[in-house]
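# Remarks on the overall topology
Each chain, letter by letter, is given below.
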Amino acid sequence: MKKLFSFLLLNFVVYVLQAQIQDPVKFKTELKSLSDTEAEIVFTATIDKGWHVYSTELGDGGPISATFNVDSKSGIEPVGKLKPVGKEIATFDKLFEMKVRYFENTAKFIQKVKFTGGAYAIDGYLEYGACNDESCLPPTQVPFKFAGEAEGNTVAAKEDKSVKEDKADKTETDLAVSKDTVAMTELLPATPVDASTGIQPAVASSELWKPVISELQALGEEHGQKDMSWIYIFITGFLGGLLALFTPCVWPIIPMTVSFFLKRSKDKKKGIRDAWTYGASIVVIYVALGLAITLIFGASALNALSTNAIFNILFFLMLVVFAASFFGAFEIRLPSKWGNAVDSKAESTTGLLSIFLMAFTLSLVSFSCTGPIIGFLLVQVSTTGSVVAPAIGMLGFAIALALPFTLFALFPSWLKSMPKSGGWMNVIKVTLGFLELAFALKFLSVADLAYGWRLLDRETFLALWIVIFALLGFYLLGKVKFPHDDDDNKVGVTRFFMALISLAFAVYMVPGLWGAPLKAVSAFAPPMHTQDFNLYENEVHPKFKDYELGIEYARQQGKPVMIDFTGHGCVNCRKMEAAVWTDSKVSDIINKDYVLISLYVDDKTPLSEPVKVVENGTERTLRTVGDKWSYLQRVKFGANAQPFYVLLDGQGKPLNKSYAYDEDITKYIDFLQVGLENYRKEK
């Protein structure tokens, strides 16, 4: 059983888009009259669950801000700036090192305009950026065109049909893509000779821009993406419940409770049924707690709180208090009269209500041990923003907690093999205390970055974690004692190996003080840019930021191409670069075996002249280099989210299926290796 605990503890400690066009945001545009001389252009968005649209004026170096842009106008003038309306969520983004604001579910932007007299006409577009937890869209334009007469108390306005919502049948997409490609290659000027390299593309642009969607599908391209977050939340809760079982507040109660149910009824079947009912009552109680948390705060509020600097400080203090409680400084108990009242009520009633009240009593008396674990789990699942996440987490926790009561009722002989209560249970509590203390620093780090205190830079954070896990190792070896520990100096084999793992983890983090990436803790530690002293130089940089020139260079060098569709404001692109590209094997393959071309879909460099294309029956205007690369991603690869990686040969043909946001280094290496093998077969 102790070995089982060790396995569960280790699992608990380490726990922490494929090619398709995504259209998670739908805008409606209208012109609303305010008076004879004033009106508003209103952009109203409906946002799919899990996505968010960024607000206005976020500043340079961050996500794509919403902006109002005018191509031509007469008889009408914009007044003031684009105004965001509705419930904005403000948070500090660790990757961008800045506060960002965004909308979920719905968004509205309003631009006030005034009429200068007579006929008016205005043509332009709203540009916005949108992201979810795994990918970001390129800067997206919502075109508008209004014209009419400003006279009397009304404004006679009409919207150009060219900006109406696209209603083309989706079955015609492939045909439209082919036409779009022809239009693009005809309208875009030829890429000039690169002055720094003297490279002139030899392969015709029409070939390089030719769609390869069917080829990607033949290579195993998958559409759609499964959301496994609920499963992970459930497993996390389940592991937390199993850990709670081994605490001094719960473990001794199990044999007493099971024996009570089996002995109080002469009918063994009824005793087993009562034990099952007891377990089910535990599940109901904790799931109700999870639902109550969501109903009180709301899913979006939980998500906002989890990224709010002030509440992160409160989370930090709460976990420190929980850790001190586990260390034995004090016990967190609910008022004893609550437990006594419920217990007496259970004795005075019979049937299902009596069993339910007994389960409720267990929840109250075990709170000093289960409370810190539940608190930590609820804080963690709050970051998902899901309305059912707390309930799912508590469901996993409760099932694990209720499982032994029902299993031992079914198999009473197992009770004889249960380890006896003893000092080993306090070891579990103290170990959990060390883990709570370590995780508390994660929340303090968010607040530290938000306020710019620079108290918890990456090396400071790592130094504290090194000390915490070193002390945990020494504690498990019996070198450090806490108030409720016994005086037994013997160290069991299981405890020894746990100490070995903890000390090894502390040593593993030491190189991080000099800038080593430390993939195992990258999700918890502050970002690398907070490191004052960094000796790490194994970085990946693109050789080209131009598609045609990069392809031609790769053809001359006899190497395959890796296209990286990215963006300056793409959060998950930076995550992939920090977590995957810094791996020594990944960086070696990209730098030595591939020609890396990074195409920024939010590059604001203007094209020599705007290019009009027809995409899926709708006319669009490409104004910037970023628009061009975004269009390339859509028409050639049938995708529009970033990050997006694809491997090509010198003719623009795919060598493997595409790769989206997934920080699994082994998968990424396999993705690169398969591309290399297919390229060598072609040669």
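All values reported here derive from a predicted model rather than from experimental measurement.

### So, the overall build of the protein chain
If you tally the helices and strands in the protein chain, you get 21 helices and 17 strands. Residue burial in the protein chain is summarised as follows: out of 683 residues, 50% are buried. By element, 59% of the accessible surface of the protein chain is carried by carbon and sulfur atoms, the whole surface being about 31,700 Å².

### Looking at a nonpolar patch on the surface
A contiguous nonpolar surface patch, about 450 Å² in accessible area, is contributed by Val491, Val493, Phe496, Phe497 and Leu500. Following the sequence through the fold, Phe496 ends up in helix α16 (residues 493-509).

### Structural notes on the state of the cysteines
All told, the structure shown has 1 disulfide when counted by the stated rule. There is a disulfide in this structure between Cys131 and Cys136, and the S-S distance comes to 2.0 Å. Residues Cys131 and Cys136 share a disulfide whose torsion about the S-S bond is about 110°; that sign makes it right-handed. Judged on exposure class, the residue Cys131 and its partner Cys136 are both buried.

### So, the packing of helix α19 (residues 584-593) against helix α21 (residues 665-682)
Two numbers describe how α19 lies on α21: the axes approach to 10 Å, and their chain directions differ by 25°. Here α19 lies roughly parallel to α21, going by the angle between them. Relative to α21, α19 is oriented so that their crossing is left-handed. For the pair α19 and α21, the contacting residues are Lys585, Val586, Ile589, Ile590 and Asp593 in the first and Ile665, Tyr668, Ile669, Leu672, Gln673 and Leu676 in the second.

### Observations regarding the pairing of strand β2 (residues 38-47)
Counting buried residues along β2, 7 of its 10 residues qualify, which places the element largely inside the surrounding structure. Bridge analysis of strand β1 (residues 25-33) against β2 gives 9 bridges, and the strand direction is antiparallel. Across the sheet, the residue bridging to Thr29 is Phe43, located in β2. Where β1 hands over to β2, the hairpin turn is made up of 4 residues, counted between the paired strands.

### Description of the sheet that holds strand β10 (residues 130-131)
Spatial ordering of the open sheet is given by β6-β7-β3-β10, a layout of 4 strands whose pairing is antiparallel. A strand with exactly one partner marks an edge of an open sheet, and here the two such strands are β6 (89-93) and β10.

### Remarks on the packing of aromatic side chains
Counted under the stated rule, the structure contains 34 aromatic pairs. Ring geometry for Phe327 versus Phe482: centroids 4.8 Å apart, planes at 15°, classification stacked. Of the two residues, Phe327 is situated in helix α9 (residues 309-327) and Phe482 in the loop between α15 (458-476) and α16; the sequence distance between them amounts to 155 residues. Each member of the pair, Phe327 as well as Phe482, is classed as buried. With a centroid separation of 5.2 Å and an interplanar angle of 40°, the aromatic rings of Tyr659 and Phe671 are classed as tilted. In this pair, Tyr659 is assigned in the loop between β17 (644-648) and α21 and Phe671 in helix α21, connecting sequence segments 12 residues apart. Each of the two residues, Tyr659 as well as Phe671, counts as buried.

### Overview of the nonpolar core
Ranked by size, the top nonpolar core spans 72 residues in total, and within it Ile282, Phe397, Trp465 and Phe469 carry the most contacts. Sort the elements by how many residues they give to this core and helix α14 (residues 423-451) lands first, with 13 residues. The contact partners of Ile282, leaving out residues within four places of it in the chain, are Ala359, Leu362, Ala398, Leu401, Ala402 and Phe405.

### Structural notes on the side chain of Glu127
Its place among the elements puts Glu127 in strand β9 (residues 118-128). Every residue in contact with Glu127, bar those within four places of it in the chain, is listed here: Ser65, Ala66, Thr67, Asn69, Pro139, Thr140, Gln141 and Lys604.

### Some remarks on the pattern of salt bridges
Inspection of every chain in the model, using the stated rule, returns 9 salt bridges. Linking Glu57 and Lys81 is a salt bridge whose minimum nitrogen-to-oxygen distance equals 3.0 Å. Remark: Lys81 occurs in strand β5 (residues 76-85) and Glu57 occurs in the loop between β3 (52-54) and β4 (67-74); sequence separation between them is 24 residues. A relative accessible area of 53% means that Glu57 is categorised as exposed. We note a salt bridge from Arg623 to Asp71, for which the minimum N-O separation is 2.3 Å. Residue Arg623 is located in strand β16 (residues 618-624), and its partner Asp71 is located in strand β4; the two are separated by 552 residues in the primary sequence.

### Remarks on the sheet that holds strand β8 (residues 106-115)
Here we have 4 strands laid out as an open sheet, ordered β1-β2-β8-β5, and antiparallel in their pairing. Sheet topology places β1 and β5 at the edges, where each strand pairs with a single neighbour. Neighbouring strand axes in the sheet, compared pairwise and without regard to direction, differ in orientation by 20° on average.

### Regarding α19
Of the positions making up α19, those classed as buried are Val586, Ser587, Ile589 and Ile590. The arc that holds every buried residue of α19, seen down its axis, measures 160°, which confines them to one face. Where α19 is buried, its residues contact β13 (561-566), β14 (595-600) and α21. A distance of 3.1 Å separates the backbone nitrogen of Lys585 from a side-chain oxygen at the start of α19, and that oxygen is part of Asp583.

### Remarks on the environment of Gln556
Relative to the helices and strands, Gln556 is located in helix α17 (residues 547-557). Residues Gln556 and Gly650, spaced 94 residues apart in sequence, show a C-alpha to C-alpha distance of 8.6 Å.

### Here's the deal with the confidence of the model for the protein chain
Predicted confidence across the protein chain gives a mean pLDDT of 77, with 74% of residues reaching 70 or more. Note on residues 12-19: pLDDT under 50 across the span, and 35 contacts to partners over four residues away in sequence or across chains.

### Comments concerning the packing of α15 against α16
Axis separation between α15 and α16 bottoms out at 8 Å; the angle between their running directions is 160°. Taken together, the axis directions place α15 and α16 in an arrangement best described as roughly antiparallel. The way α15 lies across α16 gives a crossing that is left-handed. Contacts between α15 and α16 involve Leu462, Trp465, Ile466, Phe469, Ala470, Leu472, Gly473, Phe474, Tyr475 and Leu476 from the first element and Arg495, Met498, Ala499, Ser502, Leu503, Phe505, Ala506 and Met509 from the second.

What counts and how
- Residues numbered from 1 in each chain as written.
- Predicted model: local features only at pLDDT ≥ 70, side-chain atom pairs only at ≥ 80, totals over all residues.
- Heavy atoms only, no water.
- Helix = DSSP H or I, 4+ residues; strand = E, 2+ residues; numbered from the N terminus.
- Buried < 20%, exposed > 50% of the residue type's maximum accessible area, 1.4 Å probe, protein only.
- Areas by Shrake-Rupley, 256 points an atom, 1.4 Å probe, with all protein chains shown as cover.
- Patch = residues over 30% accessible without salt bridge, like charges linked within 9 Å, V, L, I, M, F, W, Y side chains within 5 Å.
- Salt bridge = Lys/Arg side-chain N within 4 Å of Asp/Glu carboxyl O.
- Disulfide = S-S within 2.5 Å.
- Axes fitted to C-alpha atoms, helices over the stretch in contact; angles between N-to-C directions.
- Parallel < 35°, antiparallel > 145°, perpendicular 65-115°, else oblique.
- Left-handed = near helix turned anticlockwise from the far one by under 90°.
- Contact = heavy atoms within 4.5 Å.
- Pairing = 2+ DSSP bridges.
- Phe/Tyr/Trp six-rings, centres within 6.5 Å; stacked < 30°, edge-to-face > 60°.
- Core = buried A, V, L, I, M, F, W, Y, C linked by side-chain atoms within 4.5 Å.
- Arc of directions from axis to C-beta.
- Polar contact = N/O pair within 3.5 Å; in protein donor to acceptor, adjacent residues only side chain to side chain.
- pLDDT = per-residue confidence, 0-100.

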